[in-house]
Amino acid sequence: MNPVVVSVVVLTALCLLKFNIIIAIILSAVLAGLMAGMDMNTIMIAFIGGEIDGVRYGGMAGSNQVALSYILLGALAYGISGTGLAAKFADVLERVFGKTGKWFVVILAGVASLSQNVIPIHIAFIPILIPPLLYLMNRMKIDRRAAACALTYGLKAPYMLVPMGFGIIFHGIVSGNMTANGMEIYAGEIWSAAILPAIGMTVGLFVAIFITYRKDRHYEDLPLIGMPEADEESKKGFTIRHWGALVGALAAFATQMILRFITGTSAMWALPLGATIGILIMVATGAIRYKEFDKTLKGGIGLMGFIAFIMLVASGYGSVMSATGGVDSLVEWALGVVGNNRLGAIIAMQFVGLLITMGIGTSFGTIPIIAAIFVPFCLAMGFSPMATAALLISAGVTGDAGTPASDSTLGPTAGLAADGQHDHIYDTCIPTFLHFNIPIIIMGTIAAYIL
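Below is a short write-up of the structure. Predicted model, so just to flag it, every value in this text is computed and none were measured.

**Thoughts on the side chain of His242**
- In this fold, His242 is placed in helix α13 (residues 240-263).
- For His242, a relative accessible area of 0% translates into the label buried.
- Of note is the side chain of His242, whose polar atom sits 2.7 Å from the backbone oxygen of Thr83.

**Notes on a nonpolar patch on the surface**
- A surface patch of nonpolar side chains, amounting to about 900 Å² of accessible area, comprises Leu343, Ile347, Phe351, Leu434, Ile438, Ile442, Ile446, Tyr449, Ile450 and Leu451.
- Looking at the nonpolar patch, the elements with two or more residues in it are α17 (342-360) and α21 (424-450).
- At 6 residues, α21 tops the list of elements feeding residues into the nonpolar patch.
- With respect to the secondary-structure elements, Ile347 resides in helix α17.
- With a relative accessible area of 34%, Ile347 lands in the partly exposed category.

**Let's talk about the pattern of salt bridges**
- On inspection of all chains with the given rule, the structure shows 5 salt bridges.
- Linking Lys18 and Asp423 is a salt bridge whose minimum nitrogen-to-oxygen distance equals 3.9 Å. Taken as a pair, Lys18 in the loop between α1 (3-16) and α2 (21-35) and Asp423 in the loop between α20 (407-416) and α21 lie far apart in primary sequence, 405 residues in all.
- Given a relative accessible area of 56%, Lys18 falls into the exposed group.
- Residue Asp423 is classed as partly exposed on the basis of its relative accessible area, which comes to 24%.
- Note that Asp143 and Arg217 form a salt bridge whose closest N and O atoms lie 3.4 Å from each other. Of the two residues, Asp143 is situated in the loop between α7 (126-140) and α8 (144-161) and Arg217 in the loop between α11 (195-212) and α12 (232-236); the sequence distance between them amounts to 74 residues.
- The buried category is assigned to Asp143, whose relative accessible area is 4%.
- Its relative accessible area of 27% is what places Arg217 among the partly exposed residues.
- Look at the salt bridges and you will find they share partners, linking Asp143, Arg145, Arg217 and Asp427 into a network.

What counts, and at which threshold
Residues numbered from 1 in each chain as written. Predicted model: local features only at pLDDT ≥ 70, side-chain atom pairs only at ≥ 80, totals over all residues. Heavy atoms only, no water. Helix = DSSP H or I, 4+ residues; strand = E, 2+ residues; numbered from the N terminus. Buried < 20%, exposed > 50% of the residue type's maximum accessible area, 1.4 Å probe, protein only. Polar contact = N/O pair within 3.5 Å; in protein donor to acceptor, adjacent residues only side chain to side chain. Patch = residues over 30% accessible without salt bridge, like charges linked within 9 Å, V, L, I, M, F, W, Y side chains within 5 Å. Areas by Shrake-Rupley, 256 points an atom, 1.4 Å probe, with all protein chains shown as cover. Salt bridge = Lys/Arg side-chain N within 4 Å of Asp/Glu carboxyl O.

Shown next, in the form of structure tokens:
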């Protein structure tokens, strides 16, 4: 009756029943807190954020920058849609790819991969790029479940393997926490420990595209929800509004790149700042008409506000999970059950990582939690540093795909559901859970056993 386990199971069950995800997260958090003996006051302070009895809880504030970024990027996407620029881009892609839908999805995974390492903008490209491509994907009869797998792959696999962009941050978290807990390893060595788990994800991606979702799937050409249509002048040729939208979008991304390069960190605050600069450039160039400025911002809230709020409550949920103390007891119980069985310990730690990541909502936040107990245990069991790194990576990343409140699933849904024909749970979470978590567990287990 571990509170984390019960809470994650209840949250998953409610989501499968299509219960409202925000209320499901709140109820699951309250359940976990009550099971841990917390009173309602402490639960809600841990959820919302604040201090009680000298303990500081991050709560919903842990995702405030991400939520703001979603809304501002939504406004940027709304403004670009009004110029017709994204529709023209989709027409170009249609001429290039024709009806080769399967390979178009592979290219989509490649583009998403760039968002983690080469151009580290994470989910920023999705609300701008994906909705205008839906009509093209409809003509190609692409199953959007395959597209969801492609986008989630691009948001996860690159930072696991490639020591660039977010990969540098992730590898630094793994090596730093291993070293802090008594097993020294350099960040430059981490990538080689991630090879097999990354191969597992790649296999899962190709299975999704070429086997599971290979058949054509028909969608209607419905209007994008909350998105404006371009005026007749913008539909005819390439106008100053198109140039303004193009410069605004590029400025939004360039601002993030420059600030992250200057600061040398992930600089999450660069994302909303970049989006704001992009919007202002579009207003200055007339891409967003000044009299429609307020309408554009309201459109961004309508487009991305719901998902932004899910990210906020998901952060509060993770805060409550940590406050229950159920994470430590879960890990200690699992390791106590397997005893000295090396293979059993590896598998147990993989599933513990799965549950914790589904509760916390991010692999970046899971690594420090599990490293404190996994690393001393691995030292006692005689695991090498490379085997321990492989285990931490696979255990930490497992569960990020398929989690209802993770940005690795919410981001793809934000783009693919722009016309209301893509379900977050059944079309994003379940496909990505099955095609990525299973191969990560298998390949992570092999890596930890042989390294």
